[in-house]
Structure formats: C-alpha cells, structure tokens
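These are the residues of each chain, in order.
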Amino acid sequence: MDKKELDLSEFSQHDRQTPPQEGTVVTNDDVGENDENLERGNWSSKTDYFLSVIGCAVGLSNVWRFPYLAYRNGGGVFLIPYTLMLALIAMPMFFLESSFGQFASLGPVAVWKAVPMLQGVGITMVLSSTIIDITYNCIIAYSLYYLFASFQSPLPWADCFSWWGADETCSRTPKDPLCNLTLDHGYSEIVNTTWLYVNNETCPNGSEIYVPHQGPSEQYWDKVVLRRSSSVDETGEIVWYLALCLLLAWVIVGAALSKGVKSSGKVVYFTATFPYVVLIILLIRGLTLEGAYKGIEFYIGRQSDFSKLTQAEVWKDAATQIFYSLAVGWGSLITLSSYNKFHNNCYIDAIVVCVVNCATSVFAGFVIFSILGHMAHVQDKPVSEVAQSEAIITTLLDQFPKLLRSKRLYLTSGVCLLFYFLSLVCVTQAGIYWISLIDHFCAGWGILIAAVLELISLSWIYGVNRFIKDIEMMIGERTWLFWLWWRVCWVFISPCLLAVIFFWSLVTYTPPKYGPVEFPFWATALGWCMMTFCVMWIPTIAIVRVVQAEGLTLYQKISAACKSAPDWGPYLEQHRGERYRKRADSTEAPNCVQLLATPAM
C-alpha cells in the first residue's frame, strides 16, 4: 500500500457531475427527476427544507426553557437581551452554517475540505449530536409512553391511586404543616393548623414541621414511568415498557430517514406543524381557565424587572438560550442545507427561521404561564412556587459515497439498531440519571468550542471575503453595505461573545445532579471523559494534518495544512464557475498563514 492510501490529508473524492444526457433514467431512490444532484439528491421542494429546519430548531427549549428563563430573569424585560443575542449570535451563525453546507453540498465532516486542518470541528459536531440524539430519543420514548397511558380514564396521574403505588406523601394539594407546640403543663404535642386556628394559637418560630409532599403527576413519573432508583450507582433492571417505546421511537426515525430527504421531507409536514396546532389549542384552553391572568401577568406584566439588565447572568442566559434553541453548532443545519439546490436563497431562510423560532418561544410562554396561573389559583400558591416544582448518516454517506449510497436502507437500519442498543442504559431504573449526566456534559462546552472555531476558521483562515464571494455565487451579488453587518459579526462580535459564554460557564461550573440527588465522583469523571472524547478530535486531526503536510519548516507545514482540498467548491461542475475551475487547475491556494497575516475585513 503506497503512502497516498495512508495519507489522512486526502479526503474521500467524488467525481464532479455533469448534467445527465437526454433520456437518462435516474434509478437512485434518493433522487428525483427534478434534482440537480444525482448522487446525493435534493429536497423535493423548498417547503420540505423549510419545515425540516423549523422542526430541527423548534423544540422543548422553546416550549418550556424560554418561559422559565423569562420568569427567572425579570419577566418580559428578558426579551431585550434575548433579541440582541438573536441579532449578534443566532442569525450570523445560522446564515453561516446554512450557506456553508449549501455551497459544497456536503455534510458537517466532509465540508471541511475548505480548511482541512480543522476537520476535527466537524467530527466534534457529529459526535456531540450522536450522543445527544441517543438520549433525546429516550425523551421521545417517554412521550410515547404518556401517549399510550393517556387512553385510560381517569388519567392515572390525575390522582393518588393506590393501584399504581401512590404512598402517603402523595396529595393533589400541599399538606398543611404541623407544629410541635409546647403546652402550659410543659408537655409538647404535635398539632395541625386546624387545631391552632380553633384554639386561637400560633406556631412559634422554629417549631414548624413540614410534611413531605409529592403531587400525583410527580410521584407517577418517579414510581411508575421511571421506576427510578435512588442513584446512578443502582442501575436496576431495564424498564420493559420504556424499552418497547424506545424501540418504536427508533423505528419511526428509521422509517423517516429510509429514503433520505425524500422521506424525511414528507414526515416534517406533520412533525413540524402539529406542535403549533397543539400550542394553539392549549393557549385557547389555558386562557379560559380561572386564574390564567395571574400567570400571564407573571410572564410579562407588572413583575418585569428592568434592574435585571445590570446582571451578567441574565445576558449569559439569553445568549445560551438563543444559541441552543436554533441548533447552531451541532452540524444539523449544515446537513439539512447540503440538500438544497445551489441557488436557493439561504439568506432569506436564515432570517425567516430565526424569526419563527423566537416568535414560537414567546408564544409558548403565553401557553405555559396561562396554565401555571390556573395551577397557582387552584393550589392557592404564588406562580413562582408552581414554576419551580440526522447528521450521522449524511456524514457516513459523504465519506463513503460509492459504497453506502446504494445501501441507504441497510445503513439507516443498522445505525438505528446500534443506537437503540446504546440507548438501553437510559431506560433502566437509573436511566434518568444517565440522561441528565450526558446532557450536562455533551450539550455544552464541546459545541461552544466547535462554534467558535467554525467562525474563526471561515472568517480568518478561509477568509471572510472569500466566503462572501462563495455565497454570492449562490444568491447573487450584494452591496458592501449589505455585507457589513454579517462581516462584523462573523469576524469579531459572534466569536467573542461565544468565547465569553464558554469561559463564563467554566468559571460558574457546578457538579451535575438530578434534583437533590448528587452524582458520585466516577459519574462526573465519566462525563468529563465523554466531553473530552468529543473535543479531542480537533487537536488530533490538526496535528495529523500538519505532520503529513508538505514543507520543511513548521510554518510551511501549517500553511499547507490549511489549504483547501483540490476538489473543494460547489459539488456540481456546472456551478463551479471560473473561480473554482481555475483554482482546480492551479497548485496555489489560500492558506491560513497568509490569511492570518492580513486583515480578514
């Protein structure tokens, strides 16, 4: 075997396509007659892509976490830092990633032909997404379980029914505290609040005894759904009905991906729109409930606290929320946009999706807090107390196109089956602890690092001017004023803000725990190992590229390792234009040392 076969600096090559001759019959099931790309296929319509991205971006982060952060950070005033972070981080990152994937028609790993030394960034994205996908499907399994259980009447979690094991601490309403009262003759007696009221007595400070309490839904979750053990040390057995729901979840995923974007593009017509139907129904129902106004007022009413804007924690929460709710940095946007046609207007896509995502967050806040207001009214408690109680397959297809594209169904089935077995640990009696642990370590720092390096590599190494010219090949030329804002964000504002968030999160790090249950040392160490495993490919690939690069000095090797691969550019020959046809015939290419030595602006 010669050196070239072992050289990791060579990416998997694909033949440049030419338009099919008249009469050519397309036999690939992933490809339609109107597709530009006869190897990878394209979205059947713009609507397929748009709904897929909406479905990818809009999720639980919008429905619950945003309203919670708004409540914690001053109410409606939280919209101010949230909107600013949308403009400074979310939109620039969304536009950058969707343009990057669409230009090359490649997934999050192969697309780094643009800057080969940083291909590890794409690997970090895919690994982080893979680990989170494994745990996220367990959340889908919980949802499926509740769906099936909801066909019972009355709902099993509606009250403390003995048949599912509710104990004496279960109650629909909080139990009155007891009082250890000292009587006149010197003896003490434990009495309830009713006795105190009848005898016109008060409970002295420090004598209150609070009775443990769990609502029926909370106890049903712990005792029946999870059958939760006391800690991650006690794995227990696999909860068989959750394992079946998890299997169904992976079967659904496999079916949706069986024919690539041709099948998943149709599934999203339901999955991306149905949540909005549910939210509208819940809002109408919530607003008709007694006490709903209390929740709305708590959300955006008189309790808006403008003094919160002086606290750095509020701005950190806003930046973190908008970053994760739009799914930037995970490789998902690169994957989805890689199936667009070359001249799709990715700029308009970025604006529309970001606005829809944020509008969904605000809308969901009204839904959640109208219901919380009713709960607070029923329980006679303050709202604040109630409020407290596809990427891996695309990567493989891009790296091994000739071997795997004709066997997509087998590949998809195999990957889903593998992930099912890997996720079984999350449906054991200690499963919820594993989900919390993985979410704590794999959904944070690794993605922040990848996002910062993605911005730096495309703005400073690849070159922001060169990247802008690539985008203009797709959407047409724009004025310098049009690009001014995007230029400033990509080069300076967005990477600096993300770096601040990263270091802030390290400084404020606290060990993970699930409710009051703290994780043992070995579990925390394992979490750090998982995060390290995702990130270590960035320096590893970079070192390998530099070692294998041509050059006599380190300066020359780093410079060569940053040069774009010879076949970098638009996937199809008819889209490459003079810029990339000339470059393919030339031995010269921009390199990181040259670009970093000159201003990217």
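What comes next is a walk through the structure.

What follows covers the packing of aromatic side chains. Counted by the stated rule, this structure contains 44 aromatic pairs. Taking 5.6 Å as the distance between ring centres and 45° as the angle between the ring planes, the aromatic pair formed by Phe 95 and Trp 490 counts as tilted. Each of the two residues, Phe 95 as well as Trp 490, counts as buried. The ring of Phe 482 carries Arg 478 above its face, with NZ or CZ at 5.5 Å from the centroid.

One number sums up the size of the second largest cavity: a volume of about 50 Å³. If you go around the second largest cavity, the residues you meet are Glu 36, Asn 37, Asn 42, Ser 105, Asn 340, Lys 341, Phe 342, Tyr 571, Leu 572 and His 575. Taken together, the residues of the lining of the second largest cavity break down into 3 nonpolar, 5 polar and 2 charged.

Attention shifts here to the pattern of salt bridges. Tallied over the full model, the rule gives 6 salt bridges. Linking Asp 567 and Lys 113 is a salt bridge whose minimum nitrogen-to-oxygen distance equals 3.0 Å. Lys 113 shares its class with Asp 567; the two are buried. Ionic pairing is found between Arg 228 and Asp 222, a salt bridge with its closest N-O pair at 3.0 Å.

Burial along strand β1 (residues 178-182) is one-sided: Cys 179 and Leu 181 are buried, while Leu 178, Asn 180 and Thr 182, pointing the other way, are not. Two strands pair when backbone bridges link them, and β1 and strand β2 (residues 188-192) are joined in this way by 5 bridges, in the antiparallel orientation. Bridge assignment links Leu 181 to a residue of β2, and that residue is Glu 189. With 2 bridges joining them, β1 and strand β3 (residues 208-209) adopt antiparallel strand pairing. Bridge pairing in β3 places Leu 178 opposite Ile 209.

Turning our attention to the state of the cysteines. Under the definition given, this model contains 1 disulfide. Sulfur-sulfur distance for the disulfide between Cys 160 and Cys 170 comes to 2.0 Å. When the S-S torsion is -80°, as for the bridge of Cys 160 with Cys 170, the disulfide is left-handed. Remark: Cys 170 occurs in the loop between α5 (119-149) and β1 and Cys 160 occurs in the loop between α5 and β1; sequence separation between them is 10 residues. On the accessibility criterion, Cys 160 (24% relative accessible area) is partly exposed. Residue Cys 170 is classed as buried on the basis of its relative accessible area of 9%. The thiol of Cys 534 is unpaired, and the distance to the nearest cysteine sulfur, on Cys 442, comes to 4.8 Å. Under the relative-accessibility criterion, Cys 534 is labelled buried at 1%.

Cut-off values and rules
Residues numbered from 1 in each chain as written. Predicted model: local features only at pLDDT ≥ 70, side-chain atom pairs only at ≥ 80, totals over all residues. Heavy atoms only, no water. Phe/Tyr/Trp six-rings, centres within 6.5 Å; stacked < 30°, edge-to-face > 60°. Buried < 20%, exposed > 50% of the residue type's maximum accessible area, 1.4 Å probe, protein only. Lys NZ or Arg CZ within 6 Å of the ring centre and 35° of its normal. 1 Å grid on protein atoms, 1.4 Å probe; cavity = no way out; pocket = protein on both sides within 12 Å on 5 of 7 lines; lining within 4 Å. Points joined across faces, edges and corners; volume = space filled by probe spheres on them. Nonpolar A, V, L, I, M, F, W, Y, C, P; charged D, E, K, R; others polar. Salt bridge = Lys/Arg side-chain N within 4 Å of Asp/Glu carboxyl O. Helix = DSSP H or I, 4+ residues; strand = E, 2+ residues; numbered from the N terminus. Pairing = 2+ DSSP bridges. Disulfide = S-S within 2.5 Å.

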